[in-house]
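Structural features, examined
Okay, here's what each chain looks like letter by letter:
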Amino acid sequence: MYFKYQTRILLTQLKLPRCYATKQTTPPKERRPVGLAHPPDPKTVSCDYIGPPDPHSNLRPYVRHYDDNETTFSKKLRLMRIEVEAWNASFWSRHNKRFYEEKEDFIRLHKEAGNDDISADRMSVFYKTFLDKNRRIHLMYNLSWYMKNFDMLTLAFMVHVQNLLERAKKRTGD
Amino acid sequence: MMRVLVKRELGLITQLLAPVNVQSTRYTTKSTSSCDATSSGHSILPATQLKDICMPVSKANVIVPASNVTLPDYNTSWLPSPCDDTGKTISQYKKLSKFRLTSLVVITTMGGYAMAPAAFDPSSFAMCTLGTGLISAAANAINQYHEVPFDSQMSRTKNRLLVTGQVTPLKAVTFAAVSASTGLCMLYFGVNGLTAALGAGNLFLYTSIYTPMKRISIVNTWIGSVVGAIPPLMGWAGCAGTLDAGAMILAGVLFAWQFPHFNALSWNLRPDYSRAGYRMMAVTNPSLCRRTALRYSLAIVGLSAMAPVLDVTNYWFALETLPLNAYFAYLAYKFYKKSDSKSSRSLFRFSLLHLPALMLLFLANKKNWFFNKSVEEETKDSNVMVLKPSKTATSLGNVLPVAVAEGPR
């Protein structure tokens, strides 16, 4: 390239509605593919994929893509994300399992004591005791989650800046 | 993890073999016009429903669904993580900023501005409302960034953008940073320093105190009510330049309103809140929850009666708001006596009507609408030239080297 290419926005790029003199027969719109039924292989996709929520942890699993030419920062970010997501998933799976088991026990104990119909107020007793029992665990989880989230954010920012610089270099280098 | 994947695959396979779409019976006629590839009665989602689905980039290894299968959506299939559909950016920003909540906040700010005993300046009014809206949008985006795993646990919030991966956390935080800085600059340079300080304080209170406190103690409800009471103070300060007793009436009404509103909302979500680890009155102390809802609804009655005494409104206001506030207090009393999903829902729904109606009544019964005359009389009386800084809203004339004519305010 012997000249700098300036990005231009052409009117033809905008899909403006057009008026015709005669009625046009439009070919059937090609239906663009919109999703995958199964988690893809990380190396074969060009962007991250997110899946339906996991029934135990209610969190959505990610498939983090990568290339052969991923930089050290993006590799670090990808591995950190995978680790944090795994940690989150295990915490919430265990936590939710504990919640449902304790709820079952509570209802069973009440049924054995003779009260078949458990009102909302009585369930409140269970909800409160569950929250109080898990108070320290929740506090520790909160702190860890905030710190990990912030680390991921700063690393993602650095990767983003790196990508922008590379793109700018590529454009001026040609 | 593998077991979960296999289970999900089995589910999807059975879905492929015998596609059942509950919504298809309603949309069969519409869908045939958009795509003529359908042969069977089982339909594909029409174009109006496709707007919630993102298109992946072309290099991806994708499976094109067969014609007799429902198109995948965010709950049953794997979709690209940041949704790069350019047609959805506006709706994404609206969801990030919780647009409806932000507009309610902006309405209370406009009410505060309109109620202040000072002249109306269109430019500072516009800057004040826009600035407050931007700060509120930033606060909501930061809140969503912090609460991703908790939002996924609750059915009310599990379709948020960051939870479904349509927006990356970096984009959400960048949006929040740009929005907050723009909003604060608008308030500082376009309105006055007090409003900017209140805005910055409110942002800090919401993101750094209220959001963590939601999981630490029930005091978070009181802090959240303060967060809700500050926007009318911002509007008042934006117009009048100072805060006085009248401003506190408006802020007090909004502070008190938050309790019946939020307690009624959270009553039906107790199991979700408990499992996600949120400490709300409805979960930890239901009787306190009922009592505060009733107590603060009665406080609204008292505050509205005091508004004419402090020269905020005329005396008709007390008469006009009596039926409105009395009905609100009656619904809170019914919630107090028998708290179930029906009474909580009716209290919550009425609270959404009650606030705009109360704001309208405030505006309709404002004490003085014109302020120029009284200031002119003052300056005529004094024989001494008093150089006093303009107490009311400053404009961009402060910053730009432009001569701005300041009329009597």
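Quick notes on the rules
Residues numbered from 1 in each chain as written. Chains lettered and ligands numbered in written order. Predicted model: local features only at pLDDT ≥ 70, side-chain atom pairs only at ≥ 80, totals over all residues. Heavy atoms only, no water. UniProt positions renumbered as here; feature names shortened; annotations may be inferred. Helix = DSSP H or I, 4+ residues; strand = E, 2+ residues; numbered from the N terminus. Contact = heavy atoms within 4.5 Å. Core = buried A, V, L, I, M, F, W, Y, C linked by side-chain atoms within 4.5 Å. Buried < 20%, exposed > 50% of the residue type's maximum accessible area, 1.4 Å probe, protein only. Domains from an automatic or database assignment. Buried area = accessible area lost by both parts, 1.4 Å probe. Salt bridge = Lys/Arg side-chain N within 4 Å of Asp/Glu carboxyl O. Polar contact = N/O pair within 3.5 Å; in protein donor to acceptor, adjacent residues only side chain to side chain. Axes fitted to C-alpha atoms, helices over the stretch in contact; angles between N-to-C directions. Parallel < 35°, antiparallel > 145°, perpendicular 65-115°, else oblique. Left-handed = near helix turned anticlockwise from the far one by under 90°. Nonpolar A, V, L, I, M, F, W, Y, C, P; charged D, E, K, R; others polar. Pairing = 2+ DSSP bridges. Expected span 1.5 Å × (residues − 1). Disulfide = S-S within 2.5 Å.

- For chain B, an unreviewed UniProt entry supplies the name Protoheme IX farnesyltransferase, mitochondrial and the organism Drosophila guanche.
- Of the comments in the UniProt record for chain B, the one headed Sequence similarities (unreviewed entry) reads "Belongs to the UbiA prenyltransferase family."
- Under Subcellular location (unreviewed entry), UniProt gives the following word-for-word description of chain B: "Mitochondrion membrane".

- Per an unreviewed UniProt entry, chain A goes by the name Blast:APOPT family protein CG14806, mitochondrial and belongs to Drosophila guanche.
- According to UniProt, the comment filed for chain A under the heading Subcellular location (unreviewed entry) is "Mitochondrion inner membrane".

Considerations on the environment of Glu 320 of chain B
Residues and elements named next belong to chain B.
- With respect to the helices and strands, Glu 320 occurs in helix α15 (residues 316-337).
- Along the backbone, Glu 320 and Lys 334 are 14 residues apart, and their C-alpha atoms lie at a distance of 23 Å.
- With sequence-adjacent residues up to four places away left out, Glu 320 is seen in contact with Leu 361 and Asn 365.

Remarks on the nonpolar core
- Membership of the largest hydrophobic core comes to 108 residues, with the highest contact counts inside it found for Tyr 273 and Phe 362 of chain B.
- Among the elements that take part in this core, helix α11 (residues 245-267) of chain B stands out by supplying 12 residues, more than any other.
- The contacts of Phe 362 of chain B, once residues within four sequence positions are left out, are Met 115, Ile 249, Leu 250, Val 253, Ala 307, Val 312, Thr 313 and Phe 317 of chain B.
- Core analysis: the second largest hydrophobic core is formed by 6 residues, Val 45, Cys 47 and Tyr 49 of chain A together with Trp 78 of chain B among them.

Here's the deal with unusual backbone geometry
- The phi dihedral of Asn 58 of chain A is positive, around 60°, even though this residue is not glycine.
- Examined against the element boundaries, Asn 58 of chain A turns out to sit in the loop between β1 (49-50) and β2 (62-63).

As for the domain arrangement of chain A
Residue and element names in this part refer to chain A.
- You can read the domains of chain A as domain 1 (1-65) and domain 2 (68-174).
- In this structure, domain 1 and domain 2 have C-alpha centres spaced 29 Å apart.
- Between domain 1 and domain 2, the residue contacts involve 11 residues of the former and 11 residues of the latter.
- Across the domain 1/domain 2 interface, buried area totals approximately 900 Å², and carbon plus sulfur atoms make up 50% of it.
- Sorting the residues of domain 1 by area buried against domain 2 places Ser 57, Leu 59 and Arg 64 first, and these three jointly supply 48% of that buried surface.
- Applying the counting rule to domain 1 against domain 2 returns 3 salt bridges.
- One salt bridge in this structure joins Asp 68 and Lys 43, with 3.1 Å as the shortest N-O distance.
- The tally of links between domain 1 and domain 2 comes to 3 residue pairs in polar contact (both at pLDDT 80 or more).

Observations regarding the pattern of salt bridges
All names here are of chain A.
- In the structure shown here, the tally under the stated rule is 14 salt bridges over all chains.
- We note a salt bridge from Lys 128 to Asp 132, for which the minimum N-O separation is 3.2 Å. Here the residue Lys 128 and the residue Asp 132 both occupy positions in helix α2 (residues 120-133), the gap between them amounting to 4 residues, near one helical turn.
- Overall, Lys 128 belongs to the partly exposed group, its relative accessible area being 32%.
- In this structure, a network of salt bridges that share partners links the residues Asp 48, Arg 64, Arg 81 and Glu 85.

Remarks on the packing of helix α6 (residues 122-146) of chain B against helix α10 (residues 220-240) of chain B
Residue and element names in this part refer to chain B.
- Between α6 and α10, the least distance of the axes is 10 Å, while the angle of their chain directions is 155°. Taken together, the axes of α6 and α10 are roughly antiparallel relative to one another. As for how α6 packs across α10, the hand of that crossing is right-handed. Contacts between α6 and α10 involve Ser 124, Cys 128 and Thr 132 on the former and, on the latter, Pro 231, Met 234, Gly 235 and Gly 238.
- Each residue belonging to the contact of α6 with α10 can be placed in one class, and the counts come to 3 nonpolar, 4 polar and no charged.

Re the sheet that holds β2 of chain A
- Sheet architecture is open: 3 strands sit in the order β2(A)-β1(A)-β1(B), paired in antiparallel fashion. Lying at the two open borders of the sheet, with one neighbouring strand each, are β2 of chain A together with β1 (79-80) of chain B.
- Examined bridge by bridge, β1 of chain A and β1 of chain B share 2 bridges and lie antiparallel to one another. Residue pairing in the sheet places Ile 50 of chain A in a bridge with Leu 79 of chain B of β1 of chain B.

Some remarks on the domain arrangement of chain B
All names here are of chain B.
- Taken domain by domain, chain B comprises domain 1 (90-237) and domain 2 (244-365).
- For domain 1 and domain 2, the distance between their C-alpha centres works out to 21 Å.
- Across the contact, 29 residues belong to domain 1 and 33 residues belong to domain 2.
- Each partner contributes to the roughly 2,700 Å² buried at the junction of domain 1 and domain 2, and carbon and sulfur atoms together form 72% of this total.
- Here domain 1 is connected to domain 2 by 0 salt bridges.
- Run the count over domain 1 and domain 2 and you get 9 residue pairs in polar contact (both at pLDDT 80 or more).
- Here the side of domain 1 that touches domain 2 is composed, by residue class, of 14 nonpolar, 10 polar and 5 charged.

Topic: α6 of chain B
- When the terminal C-alpha atoms of α6 of chain B are compared, their 36 Å separation across 25 residues agrees well with the 36 Å that a helix rising 1.5 Å per residue should span.
- Burial within α6 of chain B is extensive, with 18 of its 25 residues counted as buried.

So, the state of the cysteines
- Enumeration according to the criterion identifies 0 disulfides over all chains in this entry.
- The thiol sulfur of Cys 128 of chain B is not disulfide-bonded, and the nearest other cysteine sulfur, from Cys 239 of chain B, lies at 8.7 Å.

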